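Spelled out from the first residue to the last, the chains are:
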Amino acid sequence: MKKIALVCIVCSFLLAGCWDERLYKELTIVPLIGYDGKPGEWMGYFTHTSIDSEDTVSYTTVEGSGISIEDARLNASRKTSESLDPSQILAVLLTEEAVRWDLVETFDVAYRMPRSRLSSKLAVVEGEMAPYMEKTEKMGLEPPNYYDKILATAAYHSIIPDVDIQQAARYILDDGVDLDLPYLKISEITGTPEVAGVALFSGKVFSGHVLDMRESTIVQVLKKKPGKFTVFSYEWENEGVKYPVTVELDRYKKQWEIQKDKIDVTYDVKLDITSFPADHLDEKKRRRELEQFLSKKLTQDFNKVMGKLQEAKSDPIGFGRVARAFHPELWNKGEWPETFSQLDIQVKVKAVITRTGIID
Amino acid sequence: MKISLSRVQFFLLLFITQTGSSFFSFPSPFIAATGRDAWLIFIVAGTIHYLLLLLYEKNYNYFSIGPYIGWLYKGYWLFICVCYLAYVDYTLAVWGFPETPPSIVIAVLVSVSLYANLSRAETVINLSVILIPLILLFMIFLQFAWKEFVWTNIFPIGEATGKQWGIGLLKAQIAFIGMELYLFFRKYIDMTQKIKGFPLFVYQSVWLLFFLISIFISLFYYTLTGLKMIPEPLLYLLKSQEVTFVERLDLFFLYIWTIWTIITVTIISFVALYVHRLHAKENRKRDTIIWHLLLIVIPLFFLTKGSVEKLNDVIIYVHLTFAFIIPIIVITVNRRKVK
């Protein structure tokens, strides 16, 4: 009797989920979504899979509008034969207009519903949304995979932060740090969407300021959250001849000295030379000259980027977190974006060459 | 029915009961009430917990109860089981099974306890062992979020007000629930095995560390504003992690937590039925079945967000009555009688 009871119990565990089964034949997977609009007037572009007569998977985009992004999805669902299922999104694109509103409120459905995937990538696009949802000849891949790949590659090369929907909320809800999201635009040459830098947020919304790829790479270094590869290139002049020099960031240390109205930031960077046609790197003097040159150039660029961040009142580096934790006199001065924008911040980069490659 | 426990079995029973249902739900309301100093307040609460264990250890021989107090405790444990079952069903419905009828889910959960309690005592006592590897796995997976931890989130220290300390010490009681089982099981431990001193300190340290880790992880991963929005921060953290072998890591751990809660309910049911049999030895099977029918039916009335929240608020005060006030009264009265 007990054995029968035990078997029944074990079997009942297997059956309990039957009420909640979701069959793929009733759903269509949406791997890419684009949003445009503002609270009360959202427009959603949902790229979903469809199986054609030759049993091959293709992607179609359907539009929907509504008072929230969920309402827009429901509206778009009525235009398809199957229900749009956003549980396996790869990337979400947002227009500049869409990010002028609190993202946490906009994406409430994603944070609230357990089936939504929080690890989807987020990006801001320049201009209208519609062209970004179309497949172009030079994409090489279907749009959902294309955006997933280009965003992953750019993060790998430290051009953009590796931010997903969940992390975006953590930054927005943190008063001591600001969000920076990948920024895409359509290339004038190829007509294909490409990574162009980062969109800076101030507080909970887009500041209207954008950094280019070089500047956004510096922001990832300043944050101490670079990707696998971080590369800088400059032109080095010697005896009237200009030589390109390319260095790869090996490892580095940061030191922040935060005072009442001043922050001194020092980065000790170890660099590997990957390209330097002027050669003679076996000479100590040549290496010292190059180190001084790189220190000066990197210091200039880092300070320039810091100025742009202050102008945008955006602190993606997270000085605010340290100020909140250890410098109450600075933190309590007022709203952090305002305080940050008025601080005297000096960045100093000390470059040291550690490797020169397999030729001198 | 005779019970004989080893020291390890005893501490494992106690640990599973104390961590059981509350582990996922504990950090959010506790940190919301206490702020960044939550960890500091919990260390003080942990000291109180240790003092109480020492008090129990010193006086457990004087804790013998009559049928009336026995009925009070049975009512208390029924309430605790109902709270846990209502909460686990609500959480399962929200996170994984919105369409499955609650009665089916609760019946499935309770049937495990029914089977174990109809079997020999060893079945219940050794059931907790299956949780050991699962709990370790759970702790390992929580560390997946390590690179996203913001350690400055716990600073500045010492900002909590007197009111926050008071509410914090009260909310910390959620982690104490189940400790009264110490008084009921202690006398069944093999007399040759030492409990007093170092072994008790080790148990206290493991319990404290376990809850402190949950507090630190929640504080490091979330902002205070974010924590106020998330009732189950550890489960949400697991949901946010991307792994290659499973789409939703949270569901995997939701099942582990469900097993944890089922075993907690089984242990509490076991002690309730054991106390019942001290004074009513007949109709063992009938009483066990009636108890479990109550466990299936009563939670069905408390499956809304509002009801679950109300139960979570009330449970602290009920626990204080049965873990502090009644034991102290019973022990004092019995000591006087002995003198």
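Nothing here was measured: the structure is a model prediction, and the numbers come from that model.

Q: Please explain the overall build of chain B as it appears in this structure.
A: A count of helices and strands for chain B gives 16 helices and zero strands. On C-alpha atoms alone, chain B measures out to a radius of gyration of 20 Å, which is about the 20 Å that the 2.2 N^0.38 rule sets for 339 residues. Taken along the three principal axes of its C-alpha coordinates, chain B extends 55 × 45 × 35 Å. In chain B, of all internal contacts separated by at least 6 residues, the share reaching a separation of at least 24 is 88%. With an accessible surface of roughly 14400 Å², chain B has 69% of that area assigned to carbon and sulfur atoms. Taking the average place of the 27 positive charges on the side chains of chain B and the average place of its 17 negative ones, the gap between the two points comes to 14 Å.

Q: Got a minute to help me understand unusual backbone geometry in this structure?
A: Across residues other than glycine, the phi torsion is negative in most instances, and most of the peptide bonds are trans. All names here are of chain B. Residue P156 is reached from F155 by a cis peptide bond, and omega for that bond is 0 degrees. Mapped onto the secondary structure, P156 falls in the loop between α8 (131-142) and α9 (162-171). Unlike most non-glycine residues, N283 shows phi in positive territory, near 55 degrees.

Q: Just checking my understanding: could you explain the packing of helix α6 (residues 102-118) of chain B against helix α15 (residues 284-297) of chain B for this structure?
A: Relative orientation and spacing of two packed helices are given, respectively, by the angle between their axes and the distance between those axes. Residues and elements named next belong to chain B. Packing of α6 against α15 leaves a shortest axis separation of 9 Å and a crossing angle of 160 degrees. On the basis of the axis angle, α6 is roughly antiparallel to α15. Seen along the crossing, α6 lies across α15 with a hand that is right-handed. When α6 is examined against α15, the residues I106, A107, V110, S113, L114, N117 and L118 are found in contact with a partner set consisting of R284, K285, T288, I289, H292, L295 and I296. Among the residues forming the contact of α6 with α15, the class breakdown is eight nonpolar, four polar and two charged.

Q: Is there a simple way to think about the pattern of salt bridges in this case?
A: Should their charged atoms come close, side chains of opposite charge can pair. Under the defined criterion, the tally for this structure stands at 21 salt bridges over all chains. Of the charged contacts, one joins D85 of chain A and R115 of chain A as a salt bridge, the two residues approaching to 3.3 Å between their closest N and O atoms. Residue D85 of chain A is located in strand β5 (residues 83-85), and its partner R115 of chain A is located in the loop between α4 (108-112) and β7 (121-125); the two are separated by 30 residues in the primary sequence. For D85 of chain A, a relative accessible area of 4% gives the class buried. With a closest N to O distance of 3.0 Å, R286 of chain B and D287 of chain B form a salt bridge. The class for R286 of chain B is partly exposed, based on a relative accessible area of 47%.

Q: What am I meant to see in the side chain of T246 of chain A here?
A: All names here are of chain A. For T246, the location among the structural elements is in strand β12 (residues 241-258). Looking at T246, its side chain comes within polar contact range of the side chain of S233, at 3.0 Å. Filtering out sequence-adjacent residues up to four positions away, T246 remains in contact with V231, F232, S233, D272, I273, T274 and S275.

Q: Explanation requested: the packing of helix α4 (residues 38-59) of chain B against helix α11 (residues 198-221) of chain B in the structure shown.
A: All names here are of chain B. The geometry of α4 relative to α11 is characterised by a closest axis approach of 10 Å and an angle of 160 degrees between their N-to-C directions. It follows from the interaxial angle that α4 and α11 lie roughly antiparallel. Between α4 and α11 lies a crossing whose hand is right-handed. Residues A38, W39, F42, I43, G46, T47, H49, Y50, L53, L54 and E57 of α4 lie in contact with α11, whose contacting residues are L200, F201, Y203, Q204, W207, L208, F211, L212, I215, F216 and L219. Residue composition of the contact of α4 with α11, grouped by class: 17 nonpolar, four polar and one charged.

Q: I tried to follow the domain arrangement of chain A on my own but got confused; where do I start?
A: The accessible area lost on association of the parts is a frequent measure of interface size. Residues and elements named next belong to chain A. The domains assigned to chain A are domain 1 (22-222) and domain 2 (230-360). On a C-alpha basis, the centroid separation for the pair domain 1 and domain 2 is 31 Å. On the side of domain 2, 31 residues touch domain 1, which itself brings 24 residues to the contact. Between domain 1 and domain 2, a total of about 2200 Å² is buried, with carbon and sulfur atoms accounting for 60% of that surface. Together, R214, V221 and L222 form the three largest contributors to the area buried by domain 1 at its contact with domain 2, with a combined 31%. Our enumeration of links across domain 1 and domain 2 arrives at four salt bridges. In this structure, D174 engages R324 in a salt bridge whose closest nitrogen and oxygen atoms are separated by 2.9 Å. At the level of elements, β9 (193-202), β10 (205-212) and α7 (213-223) are the ones that each hand at least two residues to the side of domain 1 that touches domain 2. Looking at the side of domain 1 that touches domain 2 residue by residue, the classes come out as 10 nonpolar, eight polar and six charged.

Q: How should I be thinking about a negative patch on the surface in this particular structure?
A: Residue and element names in this part refer to chain A. Judged by side-chain charge, D279, D282, E283 and D360 come together as a negatively charged surface patch. Turning to its location among the elements, D360 is positioned in the segment after β14 (344-355). We classify D360 as partly exposed; its relative accessible area is 45%.

Q: For this particular structure, what's the right way to read the interface of chain A and chain B?
A: Contacts between the two partners involve 28 residues from chain A, matched on the other side by 37 residues from chain B. The tally of links between chain A and chain B comes to one salt bridge. The residue R170 of chain A makes a salt bridge to E148 of chain B at a minimum N-O spacing of 3.2 Å. Here chain A is connected to chain B by 11 residue pairs in polar contact (both at pLDDT 80 or more). Listed by contribution, the elements that provide at least two residues to the side of chain A that touches chain B are α1 (2-15), α6 (165-172) and α9 (319-326) of chain A. The dominant element in the side of chain A that touches chain B, judged by the number of residues it contributes, is α1 of chain A, at five residues.

Q: Would you mind showing me how to read a positive patch on the surface here?
A: Together, K58, K196, R335, R336 and K339 of chain B make up a positively charged patch on the protein surface. Mapped onto the elements of the fold, K196 of chain B is located in the loop between α10 (181-185) and α11.

Q: Before we go on, may I ask you to explain the packing of aromatic side chains in this structure?
A: Note on aromatic pairs: each is described by the distance of the centres and the angle between the planes. Residue and element names in this part refer to chain A. For the structure on display, the rule yields 67 aromatic pairs over all chains. For the ring pair Y35 and F46, a centre distance of 6.1 Å and an interplane angle of 85 degrees mean the geometry is edge-to-face. Linking Y35 in strand β2 (residues 32-38) with F46 in strand β3 (residues 41-51), this pair joins segments that are 11 residues apart in sequence. Each member of the pair, Y35 together with F46, is buried. Measuring from ring centre to ring centre gives 5.9 Å for Y35 and F107, while their planes differ by 75 degrees; the resulting arrangement is edge-to-face. You can see Y35 sitting in strand β2 and its partner F107 sitting in the loop between α3 (103-106) and α4, a full 72 residues away along the chain. Given the relative accessible area of 5%, Y35 is considered buried. Assessed through its relative accessible area of 3%, F107 is described here as buried. Just above the ring of Y252 sits the side chain of K224; from NZ or CZ to the centre is 5.2 Å. Lying across the ring of W331, R324 places its NZ or CZ 5.9 Å from the centre.

Q: Whenever I open this one, helix α2 (residues 69-77) of chain A confuses me. Can you help?
A: Structurally, the α-helix is built with 3.6 residues per turn, so residues lying three or four positions apart point the same way. Where α2 of chain A is concerned, the buried positions are I69, A72, R73, N75, A76 and S77 of chain A. Turning to α2 of chain A, the residues buried within the fold contact β2, β3, β4 (57-66), β5, α3 and α4 of chain A.

Conventions adopted
Residues numbered from 1 in each chain as written. Chains lettered and ligands numbered in written order. Predicted model: local features only at pLDDT ≥ 70, side-chain atom pairs only at ≥ 80, totals over all residues. Heavy atoms only, no water. Helix = DSSP H or I, 4+ residues; strand = E, 2+ residues; numbered from the N terminus. Rg over C-alpha atoms; globule rule 2.2 N^0.38 Å. Contact = heavy atoms within 4.5 Å. Areas by Shrake-Rupley, 256 points an atom, 1.4 Å probe, with all protein chains shown as cover. Lys, Arg positive; Asp, Glu negative; His and termini not counted. Charge placed at Lys NZ, Arg CZ, Asp CG, Glu CD. Axes fitted to C-alpha atoms, helices over the stretch in contact; angles between N-to-C directions. Parallel < 35°, antiparallel > 145°, perpendicular 65-115°, else oblique. Left-handed = near helix turned anticlockwise from the far one by under 90°. Nonpolar A, V, L, I, M, F, W, Y, C, P; charged D, E, K, R; others polar. Salt bridge = Lys/Arg side-chain N within 4 Å of Asp/Glu carboxyl O. Buried < 20%, exposed > 50% of the residue type's maximum accessible area, 1.4 Å probe, protein only. Polar contact = N/O pair within 3.5 Å; in protein donor to acceptor, adjacent residues only side chain to side chain. Domains from an automatic or database assignment. Buried area = accessible area lost by both parts, 1.4 Å probe. Patch = residues over 30% accessible without salt bridge, like charges linked within 9 Å, V, L, I, M, F, W, Y side chains within 5 Å. Phe/Tyr/Trp six-rings, centres within 6.5 Å; stacked < 30°, edge-to-face > 60°. Lys NZ or Arg CZ within 6 Å of the ring centre and 35° of its normal.

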